[in-house]
Amino acid sequence: MIINYNVDDFVYNLNKGKIACFKTDTIWGFSAASDNKEAIENLYKIKKRNLDKPFIFLIKKNQNLLDLVKTIPPKAQKLINKFWCGPLTIIFEAKENLPLLAPYKNKKTIALRMPEDKLTQQILGKLSYPLPSTSVNTEGQPALNSFEEISKTFGKEDFCILSKVGFSETNSKENFSANLKYKESLNHNLNKIKHSNNESFEKLEQEINNKTIKNTSSTIVSFANGDIEFLREGSITKQQILDALK
């Protein structure tokens, strides 16, 4: 496991074929360069995932969807307008002969999500391709949602992980120092409220331990067969989806 403290190093390793791990706006995720067949195969191996199951693709804000999908159904467009950028994955009928899907058995559909957080969009902005993403776990096991859990479970595997401890775009000494001071400040606040406010204490303790406070997977809907089909309820509820389509 290689720990990266800035986006440029992380993207460099990603483009070189390393499996990459970072915290998205929902949960921690494994990714790999979508134009590197060997990297995609290694992503399946580390997950122990069936090759018939494709990954979700994370896309940048200025992505032209019609480069990836055949059509955008009106109902899908309504959900895009309401919930993107955000924790909603939409499955479309894929554009024919899409090079992006070459490594996969299923080339007829494509699952897309446009994340909202700045860090993920920063990573996507440095890539020339949508980024396949999947939860950090072996297939069938609970998703791991902290740097510590991931290190313990996958620490001997060959991948790079972007740490938010001391993270900055430039990795300058000034920014690294600022992050350390921020962490020290959180520790100070913890000591002050530890015995007076359990809810605040738990929230701050999670942040200091670099755990996910917002750790719910994305909601998944499909328009691959025409009308909407609900596949997974996550951060966005089914009722919220139905309300948006009224």
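Residues numbered from 1 in each chain as written. Predicted model: local features only at pLDDT ≥ 70, side-chain atom pairs only at ≥ 80, totals over all residues. Heavy atoms only, no water.

Moving on, we come to the overall build of the protein chain. Regarding its fold elements, the protein chain presents eight helices and ten strands. Counting every position in the protein chain, which comprises 246 residues, the buried fraction comes to 46%. A fraction of 66% describes how many contacts in the protein chain between residues 6 or more apart in sequence connect residues 24 or more apart. Total accessible area on the protein chain is roughly 13100 Å²; 47% of this is exposed by carbon and sulfur atoms. (Helix = DSSP H or I, 4+ residues; strand = E, 2+ residues; numbered from the N terminus. Buried < 20%, exposed > 50% of the residue type's maximum accessible area, 1.4 Å probe, protein only. Contact = heavy atoms within 4.5 Å. Areas by Shrake-Rupley, 256 points an atom, 1.4 Å probe, with all protein chains shown as cover.)

Residue placement: Ser-218 occurs in the loop between α7 (198–208) and β9 (219–222). Its relative accessible area of 4% is what places Ser-218 among the buried residues. Apart from the residues lying within four places of it in its own chain, the contact partners of Ser-218 are Thr-26, Ile-56, Pro-87, Leu-88, Thr-89, Arg-113, Arg-232 and Gly-234.

Another point: the packing of aromatic side chains. Applying the stated criterion to the full structure yields eight aromatic pairs. Judged by centre distance (4.6 Å) and plane angle (40°), the rings of Tyr-44 and Phe-55 are tilted. One end of the pair, Tyr-44, is in helix α2 (residues 37–47); the other, Phe-55, is in the loop between α2 and β4 (56–58), and eleven residues separate them in sequence. Using a relative accessible area of 5% as the deciding quantity, one classes Tyr-44 as buried. According to the relative accessible area criterion, Phe-55 is buried, its value standing at 2%. Connected via pairs of aromatic rings, a cluster forms that spans Tyr-44, Phe-55, Phe-57 and Tyr-104. Just above the ring of Phe-230 sits the side chain of Lys-238; from NZ or CZ to the centre is 5.0 Å. (Phe/Tyr/Trp six-rings, centres within 6.5 Å; stacked < 30°, edge-to-face > 60°. Lys NZ or Arg CZ within 6 Å of the ring centre and 35° of its normal.)

Our next topic: the confidence of the model for the protein chain. Looking at the protein chain, pLDDT values average 83 and 79% of them are 70 or higher. Low pLDDT (under 50) marks residues 165–187, which in the prediction has 30 contacts with non-local residues, meaning those over four places away or in another chain. Counting contacts from residues 200–213, a segment whose pLDDT is below 50, to residues more than four positions away or on other chains yields 31 contacts. (pLDDT = per-residue confidence, 0-100.)

By the element assignment, Ser-34 lies in the loop between β3 (28–31) and α2. Polar contacts involving the side chain of Ser-34 include one to the main-chain carbonyl oxygen of Pro-130, which spans 3.0 Å. Discounting chain neighbours no more than four positions away, the residues touching Ser-34 are Ile-40, Phe-57, Leu-100, Pro-103, Tyr-129, Pro-130 and Pro-132. (Polar contact = N/O pair within 3.5 Å; in protein donor to acceptor, adjacent residues only side chain to side chain.)

Here we come to the nonpolar core. Among the nonpolar cores identified, the biggest contains 46 residues, and Leu-79, Trp-84, Ile-110 and Leu-112 are the most heavily contacted of them. No other element matches α2, which puts five residues into this core. If you look at the next biggest cluster of nonpolar residues, it comprises 16 residues, including Val-11, Leu-119, Ile-123 and Tyr-129. (Core = buried A, V, L, I, M, F, W, Y, C linked by side-chain atoms within 4.5 Å.)

This next bit is on the sheet that holds strand β7 (residues 131–135). In space, the ten strands of this open sheet follow the order β1-β8-β2-β3-β7-β4-β6-β5-β9-β10, with mixed pairing throughout. Every interior strand has two partners, whereas the edge strands, β1 (2–4) and β10 (229–232), have only one. Across the sheet, the mean angle from the axis of one strand to that of its neighbour is 35°, orientation sign disregarded. Where β9 and β10 come together, three bridges link them in antiparallel fashion. (Pairing = 2+ DSSP bridges. Axes fitted to C-alpha atoms, helices over the stretch in contact; angles between N-to-C directions.)

Our focus in this paragraph is the pattern of salt bridges. Overall, the coordinates contain ten salt bridges when judged by the stated rule. Lys-105 serves as the salt-bridge partner of Asp-52, at 3.7 Å between the closest nitrogen and oxygen. With a gap of 53 residues between them, Asp-52 in the loop between α2 and β4 and Lys-105 in the loop between β5 (88–93) and β6 (109–113) connect regions that are remote in the sequence. For the salt bridge of Lys-70 with Glu-96, the shortest nitrogen-to-oxygen distance reads 3.4 Å. Of this pair, Lys-70 sits in the loop between β4 and α3 (74–83) while Glu-96 sits in the loop between β5 and β6; the two residues are 26 residues apart in sequence, bridging distant segments of the chain. What you see here is one network of salt bridges that share partners, running through Arg-49, Lys-53 and Glu-139. (Salt bridge = Lys/Arg side-chain N within 4 Å of Asp/Glu carboxyl O.)

Here we come to α2. Considered for burial, the residues of α2 that qualify are Ala-39, Ile-40, Leu-43, Tyr-44, Ile-46 and Lys-47. Along α2, the residues classed as buried sweep out an arc of 165° about the axis, all on the same side. In α2, the exposed residues that point more than 90 degrees away from the buried face are Lys-37, Glu-38 and Lys-45. Where α2 is buried, its residues meet β2 (19–23), β3, β7, α5 (147–154) and β8 (159–162). For α2, the side-chain oxygen to backbone nitrogen distance between the N-cap and Glu-38 is 3.2 Å, and the N-cap itself is Asn-36. Phi for Lys-48, located one or two positions after α2, is positive at around 55°. (Arc of directions from axis to C-beta.)

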